[in-house]
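A look at the structure
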Amino acid sequence: MTKRIATWNINSVRLRLPLVERFLKEHNPDVLCLQEIKCRQAEFPSSAFTALGYSHIALNGQKGYHGVATVSRLPIADMSTREFCEKGDARHIAATFAPGILQRDETVLHNFYIPAGGDIPDRELNEKFAHKLDFLDELTAWTMSHNLARENAILAGDLNIAPLETDVWSHKALLKIVSHTPVEVERMKRLIEAGPWVDAMRTMVPEPERLYTWWSYRAANWELANKGRRLDHIWLSQRLAPSLKSMTILKDARGWDRPSDHVPVIVDLED
DNA sequence: ATGGTTGGGGTCCAA
């Protein structure tokens, strides 16, 4: 048996609950990490998830903005959140799975929503960009305080950076666009090396094949223009990397009725 | 170069 983990920036879980239900029914993940739930804890539609068998829910909500939730049909032994940059934003939730549940050994799944960073890629002119860079630095320091060669850890979520040239529709056109600037890409590289984390998507589909998980709402025809970016990621600790069996980007979901601008990313891990 | 769309909460901000 394999275990299936998925991540999806849902852009309002209440508005798009029917889409989440469809995804769970059609793709049967064991655990789903959601970002941008855009609701407080008490407003999260828990009963709809429980009805589909996802009765274990780790939640870090916030009114109106951001917010992350990890829903699971496997029992969650422990959950915790860490506040980054002392901003009070709900951008992280960790769920711990006891030995024998997700993997033979204890496994921690970190669900992240990294700040988008605003429009101007200059930390002096744009406080949101400064926040994004500071968040990445804090995450790098946090990663270095772990021994990922010996831990089973997964980092999934909307990281709001497309690190490789083939993670965007045009490397040249996006060099000054927040999400693909050299300063962000450099910081993400440092973060990956700090683990080191293993990029599950690129392990299964190496460059130069293009991979996108997000298509802007602002394009008249997202599919025809295909100006995508790979903003969503699933990373594995080195110890967990050999378990990786497959990876899927559910591009179809971008064409569903009233879609999120992000699509689900799915990995299967041998347990 | 510019502007394009969406969601939440309230008459604008974040993405």
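Summarised in this report is the structure supplied together with it. Every value quoted in this text rests on a predicted model; they were computed, and no experiment measured them. (Residues numbered from 1 in each chain as written. Chains lettered and ligands numbered in written order. Predicted model: local features only at pLDDT ≥ 70, side-chain atom pairs only at ≥ 80, totals over all residues. Heavy atoms only, no water.)

Looking at the overall build of chain A
Test applied: Secondary structure follows DSSP: runs of H or I at least 4 residues long count as helices, runs of E at least 2 residues long count as strands, and numbering of each begins at the N terminus. Every radius of gyration here is taken over C-alpha atoms, with the globule rule written as 2.2 Å times N^0.38, N being the number of residues. Only protein chains enter the accessibility calculation, which uses a 1.4 Å probe. A residue is then buried if its area is under 20% of the maximum for its type, exposed if over 50%, and partly exposed in between. Whether two residues are in contact is decided by their heavy atoms: any pair within 4.5 Å suffices. To be clear on the numbers: accessible area is Shrake-Rupley with a 1.4 Å probe, and residue cover counts the displayed protein chains and nothing else. Asp and Glu count as negative and Lys and Arg as positive, but His and the ends of the chain are not part of the count. Charge positions come from single atoms, namely NZ of Lys, CZ of Arg, CG of Asp or CD of Glu.
From N to C terminus, chain A includes 6 helices and 14 strands. On C-alpha atoms alone, chain A measures out to a radius of gyration of 17 Å, which is about the 18 Å that the 2.2 N^0.38 rule sets for 271 residues. Its C-alpha atoms put chain A at 45 × 40 × 35 Å along the principal axes. When burial is assessed residue by residue, chain A has 56% of its 271 residues classed as buried. In chain A, once contacts between residues fewer than 6 apart in sequence are set aside, the share between residues at least 24 apart is 69%. Accessible surface computed for chain A: about 12,000 Å², of which carbon and sulfur atoms make up 48%. Across chain A, the mean location of the 34 positive side-chain charges is 4 Å away from that of the 36 negative side-chain charges.

Points about the protein's contact with DNA strand B
Using the following cut-off: We call a residue near a molecule or strand when any one of its heavy atoms sits within 4 Å of it. N or O atoms within 3.5 Å of each other form a polar contact, as long as, within protein, one can give a hydrogen and the other can take it, and as long as residues adjacent in sequence are counted only when both atoms are side-chain atoms. Only Asp, Glu, Lys and Arg are considered charged in this grouping, and only Ala, Val, Leu, Ile, Met, Phe, Trp, Tyr, Cys and Pro are considered nonpolar; every other residue, Gly among them, is considered polar.
Around DNA strand B lies a shell of 18 residues, among which S12, H66, Y217, R218 and R258 are the nearest. Near-protein atoms of DNA strand B (within 4 Å) split between backbone and bases, with sugar and phosphate holding 67%. At 3.4 Å, a side-chain N or O of K63 approaches a phosphate oxygen of DNA strand B. The backbone of Y217 places a nitrogen or oxygen atom 3.1 Å from a sugar or linking oxygen of DNA strand B. Of the residues that constitute the surface near DNA strand B, the class distribution is 5 nonpolar, 4 polar and 9 charged.

Some points on unusual backbone geometry
Peptide bonds are trans in most cases, and residues, glycine excluded, mostly fall at negative phi. The peptide bond linking G195 to P196 adopts the cis configuration, its omega dihedral lying at -5°. Following the sequence through the fold, P196 ends up in the loop between helix 4 (182–194) and strand 9 (197–199). The residue after E207, namely P208, is reached through a cis peptide bond having omega 10°. Here P208 lies in the loop between helix 5 (200–204) and strand 10 (214–215). Of note in this structure, N28 is not a glycine but carries a positive phi near 50°. Among the secondary structure elements, N28 is positioned in the loop between helix 1 (17–27) and strand 2 (31–35). Judged by its relative accessible area of 39%, N28 falls in the partly exposed class. Within the chain, N160 stands out as a residue other than glycine whose phi angle is a positive 55°.

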